[in-house]
2 protein chains.
Amino acid sequence: MRYELFYWPSIQGRGEFIRLALEEAGADYLDVARERGRGRGVAAMMQLLRGSTLARPPFAPPFLKAGQLLIAQTANILQHLGPRLRLTPQAEASRLWAHQLQLTVEDLIVEVHATHHPLSSDLYYYEQKAAARRRARYFTGQRAPQFLHYFEGMLTGNQTGVAYMLGRRLSYIDLSMFQIVEGLRYAFPKMMARLEPEVPALIELHARIAQRPNIAAYLASPRRIPFNEDDIFRHYPELEKGRS
Amino acid sequence: MRYELFYWPSIQGRGEFIRLALEEAGADYLDVARERGRGRGVAAMMQLLRGSTLARPPFAPPFLKAGQLLIAQTANILQHLGPRLRLTPQAEASRLWAHQLQLTVEDLIVEVHATHHPLSSDLYYYEQKAAARRRARYFTGQRAPQFLHYFEGMLTGNQTGVAYMLGRRLSYIDLSMFQIVEGLRYAFPKMMARLEPEVPALIELHARIAQRPNIAAYLASPRRIPFNEDDIFRHYPELEKGRS
């Protein structure tokens, strides 16, 4: 099946978690808003979003067309794709657990976004800089460490003596861990320099994921959009000023 | 099966979406942190959270013990309970859709919380009042209307000519709609006085849910914790000052 992913064409954002899963699996997919032509581009995405043609339109991107299904919400999409892309174990407990971890990743992503937009997504960053500085201090000092230590604990605590978040086999949540480390390194390099020694298993997992053939090829390709300051992970040095 | 729900004992919070589903279904459950005795109370919840006894501890409450399973993340719990409590349709597309809507409810809840804690959950509200006022203006003026109009569209747009969010039959997402309307009325009464005429189907659904025998009995019981200013929905009149 050819999947159709709908997401903003100029950022990694939430869509990136889905792109990474599709790329790792070597799935056939179209990143619709990044294509040109009839039924493609941002206009095609907006038409579905505004819902005039759908009984059940999504609230926001990303969303995925999978045959007759149109699925929104990042974690929901990954949950659907997981078994189909062989990126989730079969046991019910493991599937619930993978989804639970991905929902925790979503919670972290919301908090990353809030570091540059604490007051309103309708204002520019420079219009809420003072509030952003305070929010970022809370994030880098408390929340990010909490999340990273939690994820680290999953790797060091799992009883199989390995390797991936769910145990012996790679799952989509490992790809999400890669993206979290990659994004936080871009946005908060000083914080990560300080925190990385505290979460060595997570850092080692990140390195291992980056070397997987399909992921390495993807990261080197033009399909991987560079981080930038319209994205969720943004590098504003003043947001970690004075911290090291 | 007797379910065990773990959530803060003095607020509705995120746990309330699960309580409503369990109550509507007449399920046998224990609200563990609200009970006394061995293995109960907040201490029992914290012990599981801190994870010394679990290989896969949750990141935060709520979480649910269902036999051998321990499931966290509100939407994940509801997705698991849905078919078991007969609160989700069987078709895959409908289950994905219900979950997608619940994840959108979670997004809304995050934004409600941000109206009183835009800068840090580690500061008191009164320490971030000015920022809260700006965030609340964005929420009441733009985000809440967007979410409510979206949900209204699901009710008026569904082709079965009815009644519930997914069509002909009640599902857990209807209970979540009840809770959203109830909470927003408590927190932002002026906003709701203004918005309710724009979302009549949602308001009518709320009234219908409130009258269901099990829900009405629950709301009248001491099991329903009153809204209060430690909760997610908080009534701070100054946050909608000057708006009507």
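Fair warning: this is a prediction, and the values are worked out from it, not measured in the lab.

Colleague: Hey, could you run me through the interface of chain B and chain A in this one?
Modeller: Much of the literature gives interface size as the accessible area that the parts lose upon coming together. At the junction of the two partners, chain B supplies 44 residues and chain A supplies 44 residues. Taken over both partners, the interface formed by chain B and chain A buries close to 4000 Å², and the fraction arising from carbon and sulfur atoms is 54%. Contact with chain A buries area across many residues of chain B, yet R56, F59 and L119 of chain B alone supply 20% of it, more than any other trio. On the surface where chain B and chain A come into contact, there are two salt bridges. We note a salt bridge from R84 of chain B to E92 of chain A, for which the minimum N-O separation is 3.1 Å. Joining chain B to chain A, the criterion identifies 25 residue pairs in polar contact (both at pLDDT 80 or more).

Colleague: Mind showing me how you'd approach the pattern of salt bridges here?
Modeller: Where charged atoms from two side chains of opposite charge come close, those side chains can pair. According to the stated counting rule, one finds 24 salt bridges over all chains in the structure shown. Taking the shortest distance from any N to any O, the salt bridge between E16 of chain A and R224 of chain A comes out at 2.8 Å. Taken together, the positions of E16 of chain A in helix α1 (residues 15-24) and R224 of chain A in the segment after α9 (213-220) put the pair 208 residues apart, joining distant regions of the chain. Here E16 of chain A and R224 of chain A have matching classes, each one buried. As a salt-bridge pair, R212 of chain B and E24 of chain B come within 2.9 Å of each other at their nearest N and O atoms. Here the residue R212 of chain B occupies a position in the loop between α8 (200-210) and α9 (213-220), and E24 of chain B occupies one in helix α1 (residues 15-24), the gap between them amounting to 188 residues. Here the salt bridges do not stand alone but share partners, grouping E16, R19, D31, R34 and R224 of chain A into one network.

Colleague: Honestly, the sheet that holds strand β1 (residues 3-6) of chain B in this entry has me stumped. Any pointers?
Modeller: Paired through their backbone hydrogen bonds, the strands of a sheet run either parallel or antiparallel. Residue and element names in this part refer to chain B. Strand order in this open sheet of four strands is β2-β1-β3-β4, and the pairing throughout is mixed. Edge positions in the open sheet fall to β2 (29-31) and β4 (69-72), since each of these has one partner strand only. Between one strand axis and the next, the sheet turns through 20° on average, direction left out of account. Judged from the three bridges that link them, β1 and strand β3 (residues 63-66) form a sheet pairing that is antiparallel. Considered in β3, the bridge of F6 is made with F63. Helix α3 (residues 74-84) rests against β1, β3 and β4 of the sheet, and its axis sits at about 130° to β4.

Colleague: Can you help me understand the relation of the copies chain B and chain A in this one?
Modeller: What relates the pair of chain copies is a rotation about an axis plus a shift along that axis. Between chain B and chain A, the superposition needs a rotation of 180° and an axial shift of 0.0 Å, giving an RMSD of 0.0 Å. One copy is carried onto the other by what is essentially a two-fold rotation axis. Among all residues of chain B, the one whose C-alpha sits closest to the rotation axis is P118 of chain B, at a distance of 2.9 Å.

Colleague: Looking at this structure, I do not really get the packing of aromatic side chains. What am I missing?
Modeller: What characterises a pair of aromatic rings is the spacing of the ring centres plus the angle enclosed by the ring planes. Under the definition given, this model contains 18 aromatic pairs over all chains. Each ring, one from F6 of chain A and one from F63 of chain A, has its centre 4.9 Å from the other, and the planes form 10°; the classification is stacked. Separated by 57 residues along the polypeptide, F6 of chain A in strand β1 (residues 3-6) and F63 of chain A in strand β3 (residues 63-66) bring together distant segments of the chain. Here F6 of chain A and F63 of chain A have matching classes, each one buried. Look at Y125 of chain B and Y236 of chain B: their rings are 3.8 Å apart centre to centre, the planes differ by 5°, and that puts the pair in the stacked class. A residue pair is termed long-range when its members are at least 10 positions apart, and Y125 of chain B in the loop between α4 (92-116) and α5 (129-157) and Y236 of chain B in the segment after α9 qualify at 111 residues. What links up through ring pairs into an aromatic cluster is the set F59 of chain A together with F147, Y150 and F151 of chain B. It is R208 of chain A that lies over the ring of Y164 of chain A; its NZ or CZ is 5.1 Å from the centre.

Colleague: How should I be thinking about a positive patch on the surface in this particular structure?
Modeller: All names here are of chain A. Together, R133, R134, R137 and K241 line one region of the surface with positive charge. Mapping K241 onto the fold places it in the segment after α9. On the accessibility criterion, K241 (66% relative accessible area) is exposed.

Colleague: Explanation requested: the sheet that holds strand β4 (residues 69-72) of chain A in the structure shown.
Modeller: Residues and elements named next belong to chain A. Within the open sheet, the four strands sit side by side as β2-β1-β3-β4. Their pairing is mixed. Each edge of the sheet is formed by a strand with only one pairing partner; in this case those strands are β2 (29-31) and β4. Sheet twist, expressed as the average angle between the axes of neighbouring strands with direction ignored, equals 20°. Here three bridges tie β1 to β2, and the two strands are oriented parallel to one another. Paired with L5 across the bridge in β2 is D31.

Colleague: Looking at this structure, I do not really get the pairing of β4 of chain A. What am I missing?
Modeller: Side-chain direction in a regular strand flips from residue to residue, so the side chains alternate between the two faces of the sheet. All names here are of chain A. Relative to β4, β3 runs antiparallel, the two being bridged by four bridges. Paired with L64 across the strands is I71, a residue of β4. Between β3 and β4, which pair antiparallel in sequence order, lie two residues; one of them, G67, sits at a positive phi of approximately 65°.

Colleague: Would you mind showing me how to read unusual backbone geometry here?
Modeller: Most peptide bonds are trans, and most residues other than glycine sit at a negative phi. Residue and element names in this part refer to chain A. The linkage connecting P61 with the following residue, P62, adopts the cis geometry, with an omega of 0°. Summarising the element assignment, P62 is placed in the loop between α2 (41-50) and β3. Even without a glycine there, the phi angle at R86 is positive, about 55°. Within the element layout of this structure, R86 appears in the loop between α3 (74-84) and α4 (92-116).

Colleague: I keep staring at the packing of α3 of chain B against α4 of chain B and nothing clicks. Help me out?
Modeller: Any two packed helices are characterised by the angle at which their axes cross and by the distance between the axes. All names here are of chain B. Closest axis-to-axis distance for the α3/α4 pair is 9 Å, and the angle between their directions is 155°. Compared by their axis directions, α3 and α4 come out roughly antiparallel. Handedness of the crossing formed by α3 with α4: right-handed. Within the contact between the two elements, α3 uses T74, A75, N76, L78 and Q79 and α4 uses H99, Q102, L103 and E106. Of the residues that constitute the contact of α3 with α4, the class distribution is three nonpolar, five polar and one charged.

Colleague: For this particular structure, what's the right way to read the side chain of E16 of chain B?
Modeller: Residues and elements named next belong to chain B. Residue E16 is classed as buried on the basis of its relative accessible area of 0%. At 2.5 Å, the side chain of E16 and the side chain of Y218 are in polar contact. If near-sequence neighbours (up to four positions away) are discounted, E16 is found in contact with Q179, Y218 and R224.

The rules behind each value
- Residues numbered from 1 in each chain as written.
- Chains lettered and ligands numbered in written order.
- Predicted model: local features only at pLDDT ≥ 70, side-chain atom pairs only at ≥ 80, totals over all residues.
- Heavy atoms only, no water.
- Contact = heavy atoms within 4.5 Å.
- Buried area = accessible area lost by both parts, 1.4 Å probe.
- Salt bridge = Lys/Arg side-chain N within 4 Å of Asp/Glu carboxyl O.
- Polar contact = N/O pair within 3.5 Å; in protein donor to acceptor, adjacent residues only side chain to side chain.
- Helix = DSSP H or I, 4+ residues; strand = E, 2+ residues; numbered from the N terminus.
- Buried < 20%, exposed > 50% of the residue type's maximum accessible area, 1.4 Å probe, protein only.
- Pairing = 2+ DSSP bridges.
- Axes fitted to C-alpha atoms, helices over the stretch in contact; angles between N-to-C directions.
- Least-squares fit on C-alpha atoms with pLDDT ≥ 70 in both.
- Phe/Tyr/Trp six-rings, centres within 6.5 Å; stacked < 30°, edge-to-face > 60°.
- Lys NZ or Arg CZ within 6 Å of the ring centre and 35° of its normal.
- Patch = residues over 30% accessible without salt bridge, like charges linked within 9 Å, V, L, I, M, F, W, Y side chains within 5 Å.
- Areas by Shrake-Rupley, 256 points an atom, 1.4 Å probe, with all protein chains shown as cover.
- Lys, Arg positive; Asp, Glu negative; His and termini not counted.
- Charge placed at Lys NZ, Arg CZ, Asp CG, Glu CD.
- Parallel < 35°, antiparallel > 145°, perpendicular 65-115°, else oblique.
- Left-handed = near helix turned anticlockwise from the far one by under 90°.
- Nonpolar A, V, L, I, M, F, W, Y, C, P; charged D, E, K, R; others polar.

In short, geometric facts, not functional conclusions.
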